[in-house]
Amino acid sequence: MLRLLPLLLVLLSACAPLPQSGPATPPSGVFEPVGTPDTQNRAQAAANNFIEVVDTVEPVAEAECRRISPGSNCNFIIVVDDRPGQQPNAYQTIDRAGRPILAFNLALIASVNNADELAFVMGHEASHHILGHLNRQQQNASVGAVIFSGLAAASGASEDYIREAEQIGAQVGARRYSKDFELEADQLGTIITARAGYNPVRGAEFFLRIPDPGNRFLGSHPPNAARIDIVRRTAARIGAI
């Protein structure tokens with residue numbers, strides 16, 4: 001199900017924003033008024049591309065969800081955040097009724113080079129829900145909060161310091177396995193992308209245009225090279241390349 005969401009509320013996300021790969025405004029000396037034929041054509045192409053990918057990938061993602069996680073709500077709701085001035089971003093969350101939401105903003109939809117990249121991003125985000133990453137992340141955050149606040153309390157710290165330690169522990173716990181979650185989602189996302197008829201290796205080229213997070217301690221995302229590698233190995237295993 002595809003919905004347009006004019007103002008997407010702040011939601012707990014499984015993925016951090018994706019940095020822009022290019023300038024947000026035209027280069028100096030280049031002015032292209034909104035509404036020119038070229039702008040309209042590119043906007044129409046991006047819209048058509050997104051609708052096509054949603055129609056193709058969503059049923060495949062739902063089928064994989066029912067196969068891998070039969071107890072989960074597999075009725076994906078796909079929304080578009082049209083707030084201006086945002087960095088390209090896509091993420092997975094759930095609504096109050098427990099329905100899985102895949103959210104994409106306009107900057108991301110416009111930034112992909114082809115339908116394969118968009119299909120891969122969509123398969124990746126759907127995989128976070130299928131694999132239960134949001135719940136696991138919340139559980140890890142709870143464990144981290146308990147441990148850090150408990151240690152602070154045992155040391156005789158003040159209530160303010162205990163609360164601060166609890167918040168730090170939640171952050172550390174939430175990030176503990178975030179890199180593993182991303183690689184797991186890349187792997188299943190590769191399978192979903194291929195089964196939907198797209199090229200996951202070509203789709204993963206999206207990583208080549210965003211800054212590499214490297215291998216930072218407690219970083220939320222793994223190095224781009226590791227992500228591309230798991231996509232290629234998974235695609236080879238299932239005969240997608």
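Preceding this section is the structure that the text describes.
The rules behind the values
- Sequence order as written defines residue numbering, which begins from 1 separately in each chain.
- Owing to the predicted nature of the model, reporting of local features is limited to residues with pLDDT of at least 70; listing and counting of side-chain atom pairs is limited to 80 or more, with chain, interface and lining totals taken over all residues.
- Only heavy atoms go into the side-chain values, all of them from the structure, while hydrogens and water stay out.
- Exposure is judged per residue with a 1.4 Å probe applied to protein chains only, and the accessible area is read against the type maximum: over 50% gives exposed, under 20% gives buried, and values in between give partly exposed.
- Starting at the N terminus, helices and strands are each numbered in turn, a helix being any DSSP run of H or I of at least four residues and a strand any DSSP run of E of at least two.
- Whether two strands pair comes down to DSSP finding at least two bridges between them.
- Remark: nonpolar core denotes a set of buried residues (Ala, Val, Leu, Ile, Met, Phe, Trp, Tyr, Cys) joined through side-chain atoms within 4.5 Å.
- What a helix is expected to span follows from its residue count: subtract one and scale by 1.5 Å.
- Note: the arc covers the axis-to-C-beta directions of the helix.
- For this analysis, residues touch if any pair of their heavy atoms sits within 4.5 Å.
- Identification of polar contacts relies on pairs of N or O atoms within 3.5 Å, with a donor-acceptor requirement for protein atoms, meaning one able to donate a hydrogen and the other able to accept it, and with residues adjacent in sequence counted only if both atoms are side-chain atoms.

Judged by how many residues are buried, strand 2 (residues 77–81) sits mostly within the fold: 5 of 5 residues are covered. Along strand 2, one buried face is formed by Ile-77, Val-79 and Asp-81 and the opposite face, lined by Ile-78 and Val-80, is buried too. Across 5 bridges, strand 2 lies against strand 4 (residues 100–105) in parallel orientation. Counterpart to Val-79 in the pairing with strand 4 is Ala-103.

This paragraph deals with the nonpolar core. Counting 40 residues, the largest nonpolar core has Phe-50, Val-53, Val-57, Phe-104 and Met-122 as its most contacted members. Ile-77, Tyr-91, Ile-101 and Ala-103 belong to the second-largest nonpolar core, a separate cluster that totals 5 residues.

What follows concerns helix 8 (residues 224–237). Taking 1.5 Å as the rise per residue, helix 8 with 14 residues should run 20 Å; its terminal C-alpha atoms sit 20 Å apart, in good agreement. What helix 8 keeps buried is the set Asn-224, Arg-227, Ile-228, Ile-230, Val-231, Thr-234 and Ala-235. Angularly, the buried residues of helix 8 cover 160° about the axis, an arc narrow enough to put them on a single face. Exposed and oriented more than 90 degrees from the buried face of helix 8 are Ala-225, Arg-233 and Arg-237. Against the buried residues of helix 8 lie helix 3 (115–130), helix 6 (178–195) and helix 7 (200–203). Gly-239 sits one or two positions beyond helix 8 and adopts a positive phi of about 75°.

The next thing to look at is the side chain of Glu-117. Mapped onto the elements, Glu-117 comes out in helix 3. In terms of polar contacts, Glu-117 uses its side chain to reach the side chain of Arg-209, at 2.7 Å. Apart from the residues within four sequence positions on either side, Glu-117 is in contact with Val-112, Arg-202, Gly-203, Glu-205, Phe-206 and Arg-209.

The quantities given are spatial measurements derived from coordinates; they are silent on function.
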